[in-house]
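Summary of the model geometry
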Amino acid sequence: MARLIFELKGVYFSYHGKIPALCDINLNIEEGSKIVIMGANGTGKTTLLMLLDALIFPQKGYIRALDREFRENLLNDWEFVRFFRSKVGLLFQNPDVQLFSPTVKDELIFSLLNLGFTQKEIEKRLSKIVQLFRIKELLDRAPYQLSVGEKKKVAIASVLIMEPEVLLLDEPTAGLDPQTTRDIIDIILKENSLGKTIITATHHLEIIEELADKVYVLGKENKIVRSDYPKEVLYDEEFLLKYNLAHIHYHHHKDLVHTHLPLHND
Ligand SMILES: Nc1ncnc2c1ncn2[C@@H]1O[C@H](COP(=O)(O)OP(=O)(O)O)[C@@H](O)[C@H]1O
Ligand SMILES: [Mg+2]
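What comes next is a walk through the structure.

Basis of the calculations
Residues numbered from 1 in each chain as written. Chains lettered and ligands numbered in written order. Predicted model: local features only at pLDDT ≥ 70, side-chain atom pairs only at ≥ 80, totals over all residues. Heavy atoms only, no water. 1 Å grid on protein atoms, 1.4 Å probe; cavity = no way out; pocket = protein on both sides within 12 Å on 5 of 7 lines; lining within 4 Å. Points joined across faces, edges and corners; volume = space filled by probe spheres on them. Helix = DSSP H or I, 4+ residues; strand = E, 2+ residues; numbered from the N terminus. Nonpolar A, V, L, I, M, F, W, Y, C, P; charged D, E, K, R; others polar. Phe/Tyr/Trp six-rings, centres within 6.5 Å; stacked < 30°, edge-to-face > 60°. Buried < 20%, exposed > 50% of the residue type's maximum accessible area, 1.4 Å probe, protein only. Pairing = 2+ DSSP bridges. Axes fitted to C-alpha atoms, helices over the stretch in contact; angles between N-to-C directions. Contact = heavy atoms within 4.5 Å. Expected span 1.5 Å × (residues − 1). Polar contact = N/O pair within 3.5 Å; in protein donor to acceptor, adjacent residues only side chain to side chain. Near = heavy atom within 4 Å. Areas by Shrake-Rupley, 256 points an atom, 1.4 Å probe, with all protein chains shown as cover.

As a volume, the largest pocket reaches approximately 580 Å³. Together, 21 residues line the largest pocket, and R85, F110, S111, N114 and M162 are the ones closest to its centre. Those elements that provide at least two residues to the lining of the largest pocket are α2 (78-87), β6 (88-91), α3 (95-98), α4 (104-114) and α6 (148-160). The class makeup of the residues in the lining of the largest pocket is twelve nonpolar, five polar and four charged. When its volume is computed, the second largest pocket comes out at roughly 220 Å³. Surrounding the second largest pocket, R125, K128, I129, L132, L160, I161, E163, K190, E191, L194 and K196 form its lining. Mapped by element, the contributors of at least two residues to the lining of the second largest pocket are α5 (119-133) and α7 (178-193). Among the elements that make up the lining of the second largest pocket, the one with the highest residue count is α5 (four residues).

In structure tokens form, the structure reads like this:
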């Protein structure tokens, strides 16, 4: 068995001690795997990624990550913070939360500067990432001047420039056109083929099969209601409808009404 990157046991988290966002979460995530966290709005996907990124901490249960148990006082251990932040990268759901530098270039190199990388290494990584994402013409622009798709690209690039071993992606393709979606998925899959662990939260059914070896589905009660292979979940129409992950498409063929889920081609 591959090394466990994350181990969660009985994890509970609530906002302000009263709005439960995650209940009794048990998860083992292996190094190098592709995991998708599925769930309708409000089921706890973002909260789960924030817990995995040590931005918040469980109120019950425990999380072990990279062979260390998460505790709030962990953040006082600068050595560990430095180690953890260089190994694990989180793409926020909303790029406006993530992008705060005056220019795209500043944004891309911010974390590298912060972690004390040399100027030479920074230049090398910058030129590599700019080429990969084809964003040379955006470098001097202010992030707020970008389109949604461009913001998302810059946000992902500023995570990948750190070359993390674990990528936490919160709805990476939300709001993107089909071509940009394709480009982003290809970049993510390439990272996985290089051995990186990829954990994606999404309710976009079209991208799940490619991005998952295994899916975990969160339900309304903020619990995992199913852990399964992507195909099993994606072809279980009753399940998808029950957990608000699909809606029925209606087609009119003359006087016949034909229904199907948006995923299928029939
Ligand atoms: N900052 C917050 N303050 C209070 N409640 C929150 C906050 N963020 C999320 N929640 C609540 O926690 C639950 C899970 O939210 P979230 O993790 O954002 O779900 P998802 O990403 O699946 O849409 C929801 O009920 C949501 O309203
Ligand atoms: Mg979310």
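Once you've had a look at it, read on.
Summed over all chains, the structure comprises seven aromatic pairs. Consider the rings of F70 and F84, whose centres lie 5.4 Å apart with planes at 80°: the pair is edge-to-face. With F70 in the loop between β5 (68-69) and α2 and F84 in helix α2, this pair connects stretches of sequence that are 14 residues apart. Here the two residues F70 and F84 agree in accessibility, since each one is buried. Their ring planes at 50° and their centres at 6.0 Å tell us that F80 and F83 sit as a pair that is tilted.

Spatial ordering of the open sheet is given by β6-β7-β8-β3-β9-β10, a layout of six strands whose pairing is mixed. Strands at the two margins of the open sheet, each flanked by one partner only, are β6 and β10 (224-228). The sheet shows a mean angle of 15° between the axes of neighbouring strands, taken without regard to direction. Pairing geometry for strand β7 (residues 166-170) and strand β8 (residues 197-202), over five bridges, is parallel. Looking at β8, one finds that L168 is bridged to I199. Across the sheet, α6 lies against β6 and β7, angled at about 170° from β6, the strand it touches most.

Compared with an ideal rise of 1.5 Å per residue, which puts 16 residues at 22 Å, α7 spans 22 Å between its outermost C-alpha atoms and is within 8% of the ideal. Regarding α7, the residues found buried are T180, T181, D183, I184, I185, I187, I188, E191 and N192. The inward-facing, buried residues of α7 abut β3 (34-39), α5, α6, β7, β8 and α8 (208-211). Capping of α7 at its N-terminal end is provided by D177; its side-chain oxygen lies 3.1 Å from the backbone amide nitrogen of Q179. Of the residues trailing α7, G195 is marked for its positive phi of about 100°.

Around ligand 1, the surrounding shell consists of Y15, H16, I19, A21, A40, N41, G42, T43, G44, K45, T46 and T47. Residue G42 places a main-chain N or O atom 2.7 Å away from an oxygen atom belonging to ligand 1. In this structure, K45 approaches ligand 1 through a side-chain N or O atom, which is 2.8 Å from an oxygen atom. Isolated, ligand 1 exposes 560 Å² of accessible area, and the fraction of that covered by the protein chains is 66%. Elements with a contribution of two residues or more to the shell around ligand 1: β2 (19-30) and α1 (45-52). Of the residues forming the shell around ligand 1, the biggest block, three residues, is contributed by α1. Across the shell around ligand 1, the residue classes break down as four nonpolar, seven polar and one charged.

Limitation: the analysis is restricted to geometry and does not speak to function.
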